[in-house]
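# Chain and residue survey
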Amino acid sequence: MINWNEIETKWRKVWNDSKDFETNPNEKQKKFITVAYPYPNSPQHIGHGRTYTLADVHARYYRMKGYNVLFPMGFHYTGTPVLGMAKRIQNQEKEILDGLRNVYHVPEDAIKTFVEPIKIADYFHEEIKSGMIEMGYSIDWRREFTTIVPGYQKFIEWQITTLKENGRIIQGSHPVGWCPDDGNPVSQHDTMGDVEPKIDDKNFLVKFNFGEFIFPVTTLRPETIFGVTNLWVNPNVTYKKVQVDDKVWICSEACAKKISFFEKQVEIIGEINGNEIVGKLAINHDGREIPILPADFVEPEMGTGLVMSVPAHAPKDYQALMDLKSQNHELALKIEPIPIISTPDYGEFPAKEICEKLGVSNQTDDKLEEATKDLYAKEFSDGKLNEKCSQFNNEKVQFGRDKVRSYLEEKGTLEKFPILENAPVKCRCGAECVVKILNNQWFLNYGDEEWKNLARNCFDEMNILPNNIKTEFNEVIDWLHERACARQQGLGTTLPWDKDWIVESLSDSVIYMAYYTISRFVNDGTVSPDNLTKEFFDYILLDKGDIKLAASTSKLAEDIINTMKKEFNYFYPVDSRHSGRDLVQNHLSFFVLNHVAVFEKKLWPQEIVVNGSVMMDGAKMSKSMGNIIPLRTAIRDHGADPIRLAIISSAELLQDADFNMESVTGIQSKLESLLEECSRLENTPLPELQAEDRWILSKLQSLIGTVTESVEKMRLREGLHDILFSFESDLSWYHKRVQAKDRDDINGILYKINSARVAMLSPFAPHIAEEMWQKLGNNTLASKTQWPEFSDDNVDATSIQSENLLKSTIDDIANILKVTKITPKKIVLYVTSDSTKKKIYRKMLSIMVGGQNNMGIVMKELLSNPDTADAKKMPDFVQKTIKDLHSESEEIKKMKLESDNFDEKEFLSSELCSIGKKEFGVDITVFAESDSDIYDPKGKARHARPFKPAILIE
RNA sequence: GCGGGAGUCGCCCAGCCUGGUCAAAGGCGUAGGGUUUAGGACCCUAUCUCUCAGGAGUUCGUGGGUUCGAAUCCCACCUCCCGCACCA
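Described in the following lines is the structure provided in the data block. Remember, predicted model here, so these are calculated numbers, not experimental data.

### Observations regarding the overall build of chain A
What chain A contains, in helices and strands, is 34 helices and 32 strands. Relative to the globule expectation of 30 Å for 954 residues, the C-alpha radius of gyration of chain A, 38 Å, shows a markedly less compact shape. Principal-axis analysis of the C-alpha atoms gives chain A an extent of 120 × 75 × 55 Å. Considering chain A as a whole, with its 954 residues, one finds that 55% of them fall into the buried category. Contacts in chain A between residues far apart in sequence, at least 24 positions, make up 76% of those at least 6 positions apart. Of the accessible surface of chain A, which amounts to about 41100 Å², a share of 48% is contributed by carbon and sulfur atoms. Positive and negative charge centroids in chain A, built from 117 and 145 side chains respectively, lie 3 Å apart.

### Section: the sheet that holds strand S30 (residues 827-831)
Strand order in this open sheet of 3 strands is S31-S30-S32, and the pairing throughout is mixed. Where the open sheet ends on each side, the last strands, each with one partner, are strand S31 (924-928) and strand S32 (950-953). Taken pair by pair, the neighbouring strands of this sheet meet at an average axis angle of 20°, ignoring direction. Sheet topology note: the S30/S32 ladder contains 4 bridges and is antiparallel. For Ile827, the partnering residue across the bridge sits in S32 and is Ile953.

### Here's the deal with the sheet that holds strand S25 (residues 576-580)
Adjacent strands of a sheet pair through backbone hydrogen bonds, lying either parallel or antiparallel. Within the open sheet, the 5 strands sit side by side as S2-S1-S25-S26-S20. Their pairing is parallel. Bordering the open sheet on either side are strand S2 (68-70) and strand S20 (463-465), each of which pairs with just one other strand. Neighbour to neighbour, the strand axes of the sheet diverge by 15° on average, direction disregarded. Here helix H17 (residues 513-523) sits on the sheet and contacts strand S1 (30-35) and S25; the angle it forms with S1, its principal contact strand, is near 115°. In the packing of helix H21 (residues 584-598) onto the sheet, contacts are made with S25 and strand S26 (607-611), and the angle to S25 comes to roughly 165°.

### Side note on the nonpolar core
Leu100, Phe155, Phe599 and Phe764 are the most contacted members of the largest nonpolar core, which totals 245 residues. With 10 residues, helix H26 (residues 716-740) is the single largest residue contributor to this core. Among residues more than four places away in sequence, those in contact with Phe764 are Val57, Arg644, Leu645, Ile648, Val711, Leu716, Gly719, Leu720 and Ile723.

### Re the packing of aromatic side chains
Inspection of every chain in the model, using the stated rule, returns 41 aromatic pairs. The interplanar angle of 70° and the centroid separation of 5.4 Å between the aromatic rings of Phe536 and Phe537 together place this pair among those described as edge-to-face. Residue Phe537 is classed as buried on the basis of its relative accessible area, which comes to 0%. An aromatic cluster is present here, built from Tyr37, Phe145, Tyr152, Phe155, Trp158, Tyr512, Tyr515, Tyr516, Phe536 and Phe537 joined pairwise through their rings.

### Quick word on the protein's contact with RNA strand B
As a structural note, the neighbourhood of RNA strand B is formed by 52 residues, with Tyr39, His481, Arg487, Ser505 and Asn586 the closest of them. Sugar plus phosphate, as a fraction of atoms of RNA strand B within 4 Å of the protein: 50%. A distance of 2.8 Å is found between a base nitrogen of RNA strand B and a side-chain nitrogen or oxygen belonging to Arg483. When contributions to the surface near RNA strand B are tallied by element, the ones reaching two or more residues are helix H13 (367-382), helix H16 (470-479), strand S21 (483-484), H21, helix H29 (797-820), helix H32 (875-886) and S32. Sorting elements by how many residues they give to the surface near RNA strand B places H29 first, with 6 residues. Of the residues that constitute the surface near RNA strand B, the class distribution is 15 nonpolar, 20 polar and 17 charged.

### Details of the pattern of salt bridges
Applying the stated rule across the entire model yields 52 salt bridges. Between Asp20 and Lys784 there is a salt bridge, and its shortest N-O distance comes to 3.0 Å. One end of the pair, Asp20, is in the loop between helix H1 (4-17) and S1; the other, Lys784, is in the loop between helix H28 (766-775) and H29, and 764 residues separate them in sequence. Between Glu911 and Arg737 there is a salt bridge; the shortest N-O distance is 3.0 Å. Of this pair, Glu911 sits in helix H34 (residues 904-920) while Arg737 sits in helix H26, and the two are 174 residues apart along the sequence. Accessibility expressed as a relative area gives 8% for Glu911, which makes it buried. According to the relative accessible area criterion, Arg737 is buried, its value standing at 0%. One salt-bridge network, held together by shared partners, links Glu692, Asp693, Arg737, Lys741, Arg743, Asp745, Glu803 and Glu911.

### Section: the side chain of Asp140
Mapping Asp140 onto the fold places it in the loop between helix H6 (117-134) and helix H7 (150-165). Classification of Asp140 by relative accessible area gives buried; the value is 0%. Polar contacts involving the side chain of Asp140 include one to the side chain of Arg143, which spans 3.0 Å.

### Some thoughts on the environment of Thr925
Take Thr925: it is sitting in strand S31. Under the relative-accessibility criterion, Thr925 is labelled partly exposed at 31%. Once the C-alpha coordinates of Thr925 and Ile827 are considered, the two residues, 98 residues apart in sequence, prove to be 6.4 Å apart. Leaving out residues up to four positions away in the same chain, Thr925 has contacts with Ile827, Val828 and Leu829.

### Here we look at the packing of H16 against H21
Contact geometry of H16 with H21 gives a least axis separation of 10 Å together with a crossing angle of 80°. Classed by the angle they form, the pair H16 and H21 counts as roughly perpendicular. In this structure, H16 uses Glu472, Phe473, Val476, Ile477 and Trp479 to contact H21, whose residues at the interface are Val584, Gln585, Leu588, Ser589 and Leu593. Of the residues in the contact of H16 with H21, the class split is 7 nonpolar, 2 polar and 1 charged.

### Some thoughts on the pairing of strand S24 (residues 498-503)
Where strand S22 (residues 486-487) meets S24, 2 bridges bridge the pair, whose relative direction is antiparallel. Within S24, the position partnered with Arg487 by the bridge is Ile502. Alignment of strand S23 (residues 494-495) against S24, held across 2 bridges, turns out to be antiparallel. Across the sheet, Thr494 pairs through a bridge with Ile502, a residue of S24. Here S23 hands over to S24 after 2 residues, the two strands then running antiparallel side by side.

### Structural notes on the pairing of strand S13 (residues 289-294)
For S13, the tally of buried residues reaches 5 of 6 residues, placing the bulk of the element in the interior. As defined by bridge partners, strand S8 (residues 230-233) adjoins S13 across 3 bridges and the pair is classed as parallel. Across the sheet, Leu231 pairs through a bridge with Ile292, a residue of S13. In terms of strand pairing, strand S12 (residues 281-283) meets S13 through 3 bridges, oriented antiparallel. Paired with Leu281 across the bridge in S13 is Pro291. Linking S12 to S13, which pair antiparallel, is a turn of 5 residues; within it Gly287 sits at a positive phi near 90°.

### Observations regarding helix H15 (residues 449-461)
Helix length check: H15, at 13 residues, gives a terminal C-alpha distance of 18 Å against a target of 18 Å (1.5 Å per residue), a fit within 8%. Those residues of H15 that fall on the buried side of the exposure criterion are Trp451, Lys452, Ala455, Arg456, Cys458 and Phe459. Buried residues of H15, viewed axially, fall in a sector of 160°; they line one side. Of the exposed residues in H15, the ones pointing more than 90 degrees away from its buried face are Asp460 and Glu461. Tucked inside the fold, the buried residues of H15 contact strand S19 (434-444), S20, H16, H21 and S26.

### Describing the environment of Ala256
In this fold, Ala256 is placed in helix H8 (residues 253-259). Note on Ala256: relative accessible area 5%, which makes it buried. Setting aside chain neighbours within four positions, we find Ala256 in contact with Val242, Cys251, Val266 and Ile268.

### A closer look at helix H22 (residues 631-638)
Restricting attention to buried positions, one finds in H22 the residues Leu631, Ala634, Ile635 and His638. Axial view of H22: buried residues confined to an arc of 100°, hence all on one face. Just downstream of H22, Gly639 is the residue with a positive phi angle, here 95°.

### Overview of the packing of helix H18 (residues 534-542) against helix H19 (residues 547-554)
Here H18 crosses H19 at 145°, and the two axes come no closer than 8 Å. The crossing of H18 and H19 is left-handed. Between H18 and H19, the residues in contact are Glu535, Phe536 and Tyr539 and Ile547, Leu549, Ala550, Thr553 and Ser554, respectively. Grouping the constituent residues of the contact of H18 with H19 by class yields 5 nonpolar, 2 polar and 1 charged.

Rules used throughout
- Residues numbered from 1 in each chain as written.
- Chains lettered and ligands numbered in written order.
- Predicted model: local features only at pLDDT ≥ 70, side-chain atom pairs only at ≥ 80, totals over all residues.
- Heavy atoms only, no water.
- Helix = DSSP H or I, 4+ residues; strand = E, 2+ residues; numbered from the N terminus.
- Rg over C-alpha atoms; globule rule 2.2 N^0.38 Å.
- Buried < 20%, exposed > 50% of the residue type's maximum accessible area, 1.4 Å probe, protein only.
- Contact = heavy atoms within 4.5 Å.
- Areas by Shrake-Rupley, 256 points an atom, 1.4 Å probe, with all protein chains shown as cover.
- Lys, Arg positive; Asp, Glu negative; His and termini not counted.
- Charge placed at Lys NZ, Arg CZ, Asp CG, Glu CD.
- Pairing = 2+ DSSP bridges.
- Axes fitted to C-alpha atoms, helices over the stretch in contact; angles between N-to-C directions.
- Core = buried A, V, L, I, M, F, W, Y, C linked by side-chain atoms within 4.5 Å.
- Phe/Tyr/Trp six-rings, centres within 6.5 Å; stacked < 30°, edge-to-face > 60°.
- Near = heavy atom within 4 Å.
- Polar contact = N/O pair within 3.5 Å; in protein donor to acceptor, adjacent residues only side chain to side chain.
- Nonpolar A, V, L, I, M, F, W, Y, C, P; charged D, E, K, R; others polar.
- Salt bridge = Lys/Arg side-chain N within 4 Å of Asp/Glu carboxyl O.
- Parallel < 35°, antiparallel > 145°, perpendicular 65-115°, else oblique.
- Expected span 1.5 Å × (residues − 1).
- Arc of directions from axis to C-beta.
- Left-handed = near helix turned anticlockwise from the far one by under 90°.

Below is the structure:
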């Protein structure tokens, strides 16, 4: 049994002592690899470990390739979650305390300090950092920071100011979930049951004129304004007369309350009964008179408590109208639905059709919900507005809706009426949350086409791994619009020009990688945060202004400024940014958008690597399921390397990785046996190479080639599999061959093979690879050795073909034995020696190497050449050979064509006899077709073809 | 609705990017054998169908297409999973 922790601690100390991962600029080419930093409100679990592990493998690989690799890390303190946690801890809420004690195993005296939000972040910061160190991540810790240290805040102030100066920030209003009691915005962490308040801002308020009053209704479908036949009011409800700014609205009391949060002056000044309104007329946007009718389905809590009626397209409206008609309601009898949308699968009156189809009985029928949902979806996706919609005639509903919306907005008859989609949402204080429209909010104007185009430009030239996620990025860029970049609470940096606001957490984490390049100077005291002025950053990061200005405002010596500037210029741009796929829609896209908004093109990011999440035994990890394994626990129990490999080997980049114990133990035993093997091997000279030696060394070359390619493309699962598992089958064939010959001189060859394997394993499993490397007798570090180079020269084409011949011949013999079920007494092989056949074979190779395999064409070619014209006499041979070659890969065909003919008879007699005897227990004799002493009682010899010996078994 | 991903030989899952070496790796299960006092663990062999000479047939969600050739490329359809914001 390996003591993983002991080995790992040992090698971590060696790395640490030699400061291998502390990276400063030098004459070598650089790679700047970064991962999205963690938010420290819980310990990291195996899932978090994935992104960091992938990035670490990447970093370690490039280090071995000879690059000067910078792999830094920071901690994202910005935001509100720890605030909510602290509040809950202060309230002694059992749920969170239990979680801290039982799931996260936080010591009691630490929990006591958690009433202070920063203490929570500090605790988990250290916890996460320790885990990263224990995982063996090759991070330059000298550059570490949190996002609330003064230096970083200076940087963020500079960033946000620069964005504002560049015209990227605008001001406007937007809706948030809001606790009326606390007077604060609420997010997931502030609500009971941790529900995210979801705001539907596709809901609109449309105003009708009603005498001196406004008669407001809400709708999700503003385009249906053209099909309104009447309005609905609940006759049993007492409505309020409400002074809203300079107008008086009639609406429900609930509505009055809602709009009071929409930045309006709201005052209830009177009452009016629903039935008082019934039968009266209101005026729509273009002056048409619309009668007001009674309906029971109208709920005062919904919207404004008033409804507009579009009976042609809204099943509820249709049914309510029918109900009234059946009561011979005088006004209702005069009303006919006005169809305004034509939809393929429906006739003129879709609402009527669907109500009749579902057999709706009256306006309180539950089936109406389904009918409404179906019809809305169908009309949205397939419907077109008709001529009743005047200038919007022929627009598809999905586009027309927005046009109608802005048309009405301009007329002043429509405004936004955002609602809480998942209401009721309760704040932790117990109050029911509402939607509040915040005015004067600051936005990053991601909707700006010119900005989007810069981002598209950047994406086009960037390497995105895996490549198929590129379309998703394009989608996100298309779809992004203004995004709030400031909040009123939480940790972070205040807006320099508006101290009421704090820079929002997703906006202060977009170009901070630049800060890594200079943070070590702040950390070691060379400069203090006060020195980091706007002019200083302008000069260092944007090459704006000049050294004199930077020096005078920052009060720093010019040579210090120049050193820092050089360091930034050396490491920037970011060569690779790693992150989980959940950040595609926000962080990674913002990362690009902000880079293109701040930096010139040569400093734009070069690559993004996106990975999927981690499942636990096939299930999603979650606290409630109790299947979260803290990373540090896992390291302690199983070792860092086995966990790294289990994460890497279970899925390709974008797929969800499944973590399970079997794979961990499987990997442990694999590593253990490799370690044992390494301990047995010594660096002895290579023996004189035999066929199988040349073959396995060729295979090693292709292993190096494929693993290198895999790692370059971050297909780490594939690469790791090739190193650890796929190559095993080649090795076992090699051992079979060697054993059949009773050889004991292969130590040097195995040493060479395993040295390459261990070196390639090093980025994946760095600790155990060092141990193996040492056991192989090296006194250098595996992590500092050169990545094995693929070399074409070491690929022996002949040995690959001959080994294939050997295997296929053995397969053929086994196949015959299986089918015939005879017990062999004697096996005889006949190889072709016919020079005509060989000539034809080579000629066919040359014809077929381009992909040609049409019998007619091949034959024509053969006959046109006098050397191979004899093919006419052996069409059977030609046909079978086409089949043989047809199933060979292009690569092998080329190899065969390029290499000289080798002597099949000699090879098979010397190589097949030993291994064949072992396999089948009888002697194998090999004849050439033309041998004078040939033993061929059944006339099999003539069937022999190149690389396809004829076989006789007795 | 919009967007993304997936559907493979009893099950899980690779292969698809870069078409031919694919009846298709690996694991599980199943069957036979070995080892073991027994159990377990381990090792070997077999595992789509047919076939007493290395062969043939039918398979990779469904239906088309491109190609000499398709699990792999293109189109359509069906089914399942995930994300849709001011939150890290």
